[in-house]
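Here are the chains, one letter per residue:
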Amino acid sequence: MMVDSTALPEQAVRDILASAFQSAGQRCSALRCLYVQEDIAETVTEMLFGAMDDLAMGDPWSLSTDVGPVIDAQAQRAIADYVAQARAEGRVMKEMTAPKAGIFVAPTVIRVTGIAQMEREVFGPVLHIATFKAGAHGRVVQEVNATGYGLTFGLHTRIDDRVQSVVSALQVGNTYVNRNQIGAVVGSQPFGGEGLSGTGPKAGGPEYLARFTRNAAPLDPAAAGVATPEAEVQAALRLDRAMVHPATPRVLPGPTGESNRLTASPRAPLLCLGPSAASALAQAQAVRALGGQAVEAPGLDPLALTRLTGFSGALFWGDADQARACARALAARSGPILPLIGDRPDAAHVLQERHVCIDTTASGGNAQLLAEVSGT
């Protein structure tokens, strides 16, 4: 989450508490690293630490409990060891006291220089805080994108242009503006990441159900004929393609005072492996019909899939032994998991979904709603 100097501190602290410590921080979307603009860092941290003092730890069945236990003793030990190391390095800024009975971890705040200092995700009530200078919002976005992970991002600001510039530059599946970044609602906030944080359609989104169905493709047992050279395929993947199908936004339903917008844009090309030239062409046509990008590569050596760059998956409609070789090659790659598609592709195979949720009341009132009311 990034909080700039125009944010309302009370709202930001409310949402930081919920995002970092609700469910004892055991949500995939939980806030792990908070960037606060230097100009307001002292104010925000003072308010945050004061609010943390009011958090009640205990039995999650009790309505008075704010923070419950972590999942098991192993998780408790791992998080405690991590906090102990940070404490020894003098980086613990705030630490509460956990109940002695049970597998609790006290909510803790640790100072970092940025998200790059976090070598792994600490799955518990541990928040990391970094600061940034005015005008350095682009640097924060670059640091987040450089991790390769892109699940959730929070932004607190009252500058509309900043919302647009940050959202457009982020490589993140779900962005939340002026609200907490947990608790995605089916149908309003389809949930899922990209890069190292996502491998399929957004849960609860319009393309989700199709992944549970099968649209069988014709089996192509024919020999591939002349194999496509790897260098030729890599050259095709490097082409600067004009997006025939630009990003298309879709407004989703939600409560009054909240904007939910889902945008789909073409992923990196899918390799169409055939195995024959005819089936590779049919694959490419299916991908392009859905608004995606395709590179035909019938008969490509499966080992080439371990070396090629710039693609988001592969289609193959050949026999099981050949398919297994392709799947193993894709699995041997480092980085994001890339799918081998043995059926006809669906929209989520070829399009990257990103969702932005904005609390439109956070900047002092919902202007759109006020206009509608005054008009009646």
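It should be noted that the structure appears before, not after, this text.
Rules behind the numbers
Residues numbered from 1 in each chain as written. Predicted model: local features only at pLDDT ≥ 70, side-chain atom pairs only at ≥ 80, totals over all residues. Heavy atoms only, no water. Helix = DSSP H or I, 4+ residues; strand = E, 2+ residues; numbered from the N terminus. Buried < 20%, exposed > 50% of the residue type's maximum accessible area, 1.4 Å probe, protein only. Contact = heavy atoms within 4.5 Å. Areas by Shrake-Rupley, 256 points an atom, 1.4 Å probe, with all protein chains shown as cover. Core = buried A, V, L, I, M, F, W, Y, C linked by side-chain atoms within 4.5 Å. Lys, Arg positive; Asp, Glu negative; His and termini not counted. Salt bridge = Lys/Arg side-chain N within 4 Å of Asp/Glu carboxyl O. Polar contact = N/O pair within 3.5 Å; in protein donor to acceptor, adjacent residues only side chain to side chain. Pairing = 2+ DSSP bridges. Axes fitted to C-alpha atoms, helices over the stretch in contact; angles between N-to-C directions. Expected span 1.5 Å × (residues − 1). Disulfide = S-S within 2.5 Å. Parallel < 35°, antiparallel > 145°, perpendicular 65-115°, else oblique. Left-handed = near helix turned anticlockwise from the far one by under 90°. Nonpolar A, V, L, I, M, F, W, Y, C, P; charged D, E, K, R; others polar.

**Student:** Can you help me understand the overall build of the protein in this one?
**Tutor:** A tally of helices and strands in the protein yields ten helices and 16 strands. With respect to the three principal axes, the spread of C-alpha positions in the protein is 70 × 60 × 40 Å. With 376 residues in all, the protein has 47% of them scored as buried. The long-range share in the protein, meaning contacts at least 24 apart out of those at least 6 apart in sequence, stands at 71%. Summing over all exposed atoms, the protein offers an accessible surface of approximately 18,200 Å²; the carbon and sulfur share of this is 55%.

**Student:** Looking at this structure, how should I read the nonpolar core?
**Tutor:** As a rule of thumb, soluble globular proteins bury nonpolar side chains together. Ranked by size, the top nonpolar core spans 28 residues in total, and within it Ile-16, Phe-21, Leu-34, Leu-48, Met-52 and Leu-127 carry the most contacts. For this core, the elements supplying multiple residues, two or more each, are helix 1 (9-21), strand 2 (33-37), helix 2 (38-52) and strand 5 (126-132). Residues in contact with Leu-127, not counting those within four places in the same chain, are Ile-16, Ala-20, Phe-21, Leu-31, Arg-32, Leu-34, Leu-48, Thr-108, Val-109 and Ile-110. With 21 residues, the next largest nonpolar core counts Val-112, Ala-130, Val-144 and Leu-155 among its residues.

**Student:** So what exactly am I meant to see when it comes to the side chain of Asp-220 here?
**Tutor:** Mapping Asp-220 onto the fold places it in the loop between strand 9 (194-195) and helix 6 (230-237). Buried within the structure, Asp-220 lacks any salt-bridge partner; Arg-344 is the closest side chain of opposite charge, at an N-O distance of 11 Å. For Asp-220, the side chain forms a polar contact with the side chain of Ser-276, separated by 2.5 Å. Ignoring anything within four residues of it in the chain, the contact list for Asp-220 reads Gly-274, Pro-275, Ser-276, Ser-279, Trp-317 and Gly-318.

**Student:** Teacher, can you tell me more about the sheet that holds strand 3 (residues 92-95) here?
**Tutor:** In a beta sheet, neighbouring strands pair by backbone hydrogen bonds and run either parallel or antiparallel. Reading across the sheet, the ten strands line up as 3-4-5-2-1-7-8-16-11-10 and stay open at both edges, with mixed pairing between neighbours. Unpaired on one side and paired on the other, strand 3 and strand 10 (248-251) mark the two borders of the sheet. Alignment of strand 7 (residues 152-156) against strand 8 (residues 174-177), held across four bridges, turns out to be parallel. Note that in strand 8 the partner of Phe-153 across the bridge is Thr-175. Relative to the sheet, helix 2 contacts strand 1 (2-3), strand 2, strand 3, strand 4 (108-111) and strand 5, its axis offset from that of strand 2 by approximately 130°. Most of the contacts of helix 3 (residues 73-88) go to strand 3, to which it runs at about 130°, and overall it touches strand 3, strand 4 and strand 5.

**Student:** Would you explain helix 3 in this entry?
**Tutor:** Taking 1.5 Å per residue as the helical rise, helix 3 with its 16 residues ought to reach 22 Å, and the 22 Å between its terminal C-alpha atoms agrees with that figure. Turning to helix 3, the residues buried within the fold contact strand 3, strand 4 and strand 5. Two residues or fewer past helix 3, Gly-90 is found with a positive phi of approximately 75°.

**Student:** Which parts of the structure should I look at to understand helix 7 (residues 277-289)?
**Tutor:** In an α-helix, one turn spans 3.6 residues; hence positions three or four apart end up facing the same way. Its 13 residues place the ends of helix 7 18 Å apart at the C-alpha level, agreeing with the 18 Å of an ideal helix rising 1.5 Å per residue. The secondary structure elements touched by the buried residues of helix 7 are strand 12 (270-272), strand 13 (294-296), strand 14 (313-315) and helix 9 (347-350). With its phi angle positive at about 95°, Gly-291 sits one or two positions after the end of helix 7.

**Student:** Looking at this model, I keep getting lost on the state of the cysteines. Mind explaining?
**Tutor:** Disulfides are covalent bonds that connect the sulfur atoms of two cysteines. Taken as a whole and assessed by the stated rule, the structure comprises zero disulfides. The thiol of Cys-28 is not disulfide-bonded; the next cysteine sulfur, from Cys-357, is found 16 Å away. Cys-28 sits in the partly exposed class, given a relative accessible area of 45%.

**Student:** Help me out: how do you make sense of the packing of helix 1 against helix 2 in this one?
**Tutor:** The description of two packed helices rests on the angle between their axes and on the distance between the axes. Running from amino to carboxyl end, helix 1 crosses helix 2 at an angle of 50°, the nearest separation of the two axes being 10 Å. Compared by their axis directions, helix 1 and helix 2 come out oblique. Where helix 1 crosses over helix 2, the two elements pack in a sense that is right-handed. Here Pro-9, Glu-10, Val-13, Ile-16, Leu-17 and Phe-21 of helix 1 lie close against helix 2, whose contacting residues are Val-44, Met-47, Leu-48, Ala-51 and Met-52. Across the contact of helix 1 with helix 2, the residue classes break down as ten nonpolar, no polar and one charged.

**Student:** Hey, could you run me through the sheet that holds strand 15 (residues 340-341) in this one?
**Tutor:** Pairing within the open sheet is parallel, and its four strands lie in the order 13-12-14-15. Every interior strand has two partners, whereas the edge strands, strand 13 and strand 15, have only one. Here strand 12 runs beside strand 13; their pairing, made up of three bridges, is parallel. Note on strand 13: the bridge partner recorded for Cys-272 is Glu-296. Helix 7 contacts strand 12, strand 13 and strand 14 of the sheet and is inclined by roughly 175° relative to strand 13.

**Student:** Whenever I open this one, the pairing of strand 10 confuses me. Can you help?
**Tutor:** The side chains of a regular strand alternate, residue by residue, between the two faces of the sheet. Relative to strand 11 (residues 258-266), strand 10 runs antiparallel, the two sharing four bridges. Across the sheet, residue Thr-248 finds its bridge partner in strand 11, namely Ala-264. Linkage of strand 10 to strand 11, two consecutive antiparallel strands, is achieved through a turn of six residues, within which Gly-257 is found at a positive phi near 90°.

**Student:** Could you clarify how one ought to interpret the environment of Gly-58 in this entry?
**Tutor:** In this fold, Gly-58 is placed in the loop between helix 2 and helix 3. Remark: the alpha-carbon pair of Gly-58 and Lys-133, spanning 75 residues in sequence, is separated by 38 Å. The contact partners of Gly-58, leaving out residues within four places of it in the chain, are Thr-65, Val-67, Gly-68, Pro-69 and Phe-104.

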